[in-house]
Amino acid sequence: MFYGDVMHNVYSKENQTKYYIEGDIQLQINTVKHHRPHTHDFIEFVYMMRGKSLHKVDGIEYPLNGGDLLIINYDQVHSFNGDPNAIYCNFLIKPTLIDKRMEKCRDLFSLFNTGNYNKFKELINNDCRHIRFSPEEKDCFEYMLCLLDVEIKEKKIGYDLTVSGGVNFLLTMIFRKMCNTKNNQDRHITKVFEHINKNYYQNISITELAGMCNYNSSYFSRIFKNYAGVPFSEYLKKVRIENACRIIKSQNIKVSNLYTKVGYSNKTNFYKHFKEVTGVTPNQFKKVKI
């Protein structure tokens, strides 16, 4: 069974499995196997100890390597596959383990509404689901996971105190890293915007930009939209048309030759996008530019 002692039942709709846990916490170290789409009645932390795996959460792909951690909230659709020799740790909790008042909590970030974790609320991007620990952080995180695993299994006197302390230690490490991840995202996206604004007239792909940030394309698309407010294709179109307007105003150039100057290889698309952004055709814009 994938989650060890985890119980499960099957939805009649779409025959999709939903996993449950007994109690407030489970911790299992496993090898990677293929798992079809399923959901959870708990918060899952997938931590890759060694090797590679590819996870899909609500349609978004997250490739994980050793030292990577992925957060999956209640009822998110999750599937994964990877190297059969890879080792990962499933760290499964219910928020009531942290605070008994969180019985109806369905999202990790709801913990920021509690006194202990409120300090992280303004420092973390709630869309952050994937973090990567440094080699030193990885050693520390895995050491604590191993200690926690022993405490959960042996259940010696006072284990409830050590488990609570261990979970809070791990969550604090995760939240601290997420603070740094948000700062890194800010820097990466700033560089992406600068690159687009400087190179709008060239062929720019989302794969290229994602590579600048060391993200996969689907994750980058989501992050970019959060920052820009629109998808990448819409943002690039707007930048190109704004520069076309600037060129028309400042240079004596034939409109028929303009499209290649702002990154278009197709005149029809250029005319279409120009009117979508400005409300007029390039020739109409040129007539009223003064």
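Our subject in this report is the structure included herewith. (Residues numbered from 1 in each chain as written. Predicted model: local features only at pLDDT ≥ 70, side-chain atom pairs only at ≥ 80, totals over all residues. Heavy atoms only, no water.)

Brief notes about the overall build of the chain
In plain terms, the rule: Numbering of helices and strands runs from the N terminus; a helix is a DSSP stretch of H or I covering at least four residues, while a strand is a stretch of E covering at least two. C-alpha atoms define the radius of gyration, and 2.2 Å times the number of residues to the power 0.38 defines the globule rule. Type-normalised accessible area, obtained with a 1.4 Å probe on protein chains alone, sets the label of each residue: buried when under 20%, exposed when over 50%, and partly exposed for intermediate values. Here, residues are in contact when the closest pair of their heavy atoms is within 4.5 Å. Working definition of accessibility: Shrake-Rupley area with a 1.4 Å probe, residue cover restricted to the visible protein chains. Only four residue types enter the charge count: Lys and Arg as positive, Asp and Glu as negative, with His and the chain ends excluded. Taken as the charge centre is NZ of Lys, CZ of Arg, CG of Asp or CD of Glu, depending on the residue.
From N to C terminus, the chain includes seven helices and 11 strands. Rg of the C-alpha trace for the chain: 24 Å, well past the compact-globule value of 19 Å for 290 residues, more than 25% over. Expressed along its principal axes, the backbone C-alpha trace of the chain runs to roughly 85 × 40 × 35 Å. Relative to its full complement of 290 residues, the chain shows a buried share of 46%. Pairs at least 24 residues apart make up 65% of the contacts formed inside the chain by residues separated by at least 6 positions. Here the chain has roughly 15400 Å² of accessible surface; of this, 49% comes from carbon and sulfur atoms. One way to put it: in the chain the 41 positive side-chain charges average out to a point 13 Å from where the 30 negative ones average out.

Digging into the packing of aromatic side chains
Filter applied, for reference: Pairs were defined over the aromatic rings of Phe, Tyr and Trp, the Trp ring being its six-membered one, requiring ring centres within 6.5 Å. Orientation was assigned from the angle between planes: stacked under 30 degrees, edge-to-face over 60, tilted for the rest. By the criterion adopted, a ring carries a charge over it if an Arg CZ or a Lys NZ lies within 6 Å of its centre and within 35 degrees of its normal.
The tally for this structure, following the rule as stated, stands at 22 aromatic pairs. Aromatic pair Phe270 and Tyr271: ring centres 5.8 Å apart, planes at 90°, arrangement edge-to-face. Linked through ring pairs, Phe109, Phe112, Tyr117, Phe120 and Phe175 together constitute an aromatic cluster. Across from the ring centre of Tyr264, 5.7 Å away, lies the NZ or CZ of Arg240, which sits over that ring.

Observations regarding the pattern of salt bridges
We count it as follows: Definition used for salt bridges: Asp or Glu carboxyl oxygen within 4 Å of a side-chain nitrogen of Lys or Arg.
Under the counting rule described, the total for this entry stands at 12 salt bridges. Residue Arg106 is joined to Asp75 by a salt bridge in which the shortest nitrogen-to-oxygen separation is 3.3 Å. Here the residue Arg106 occupies a position in the loop between strand S10 (87-93) and strand S11 (130-132), and Asp75 occupies one in the loop between strand S8 (68-72) and strand S9 (78-82), the gap between them amounting to 31 residues. Residue Arg106 is classed as partly exposed on the basis of its relative accessible area of 37%. Assessed through its relative accessible area of 36%, Asp75 is described here as partly exposed. Connected through shared salt-bridge partners, Lys18, Asp41, Asp75 and Arg106 make up one network.

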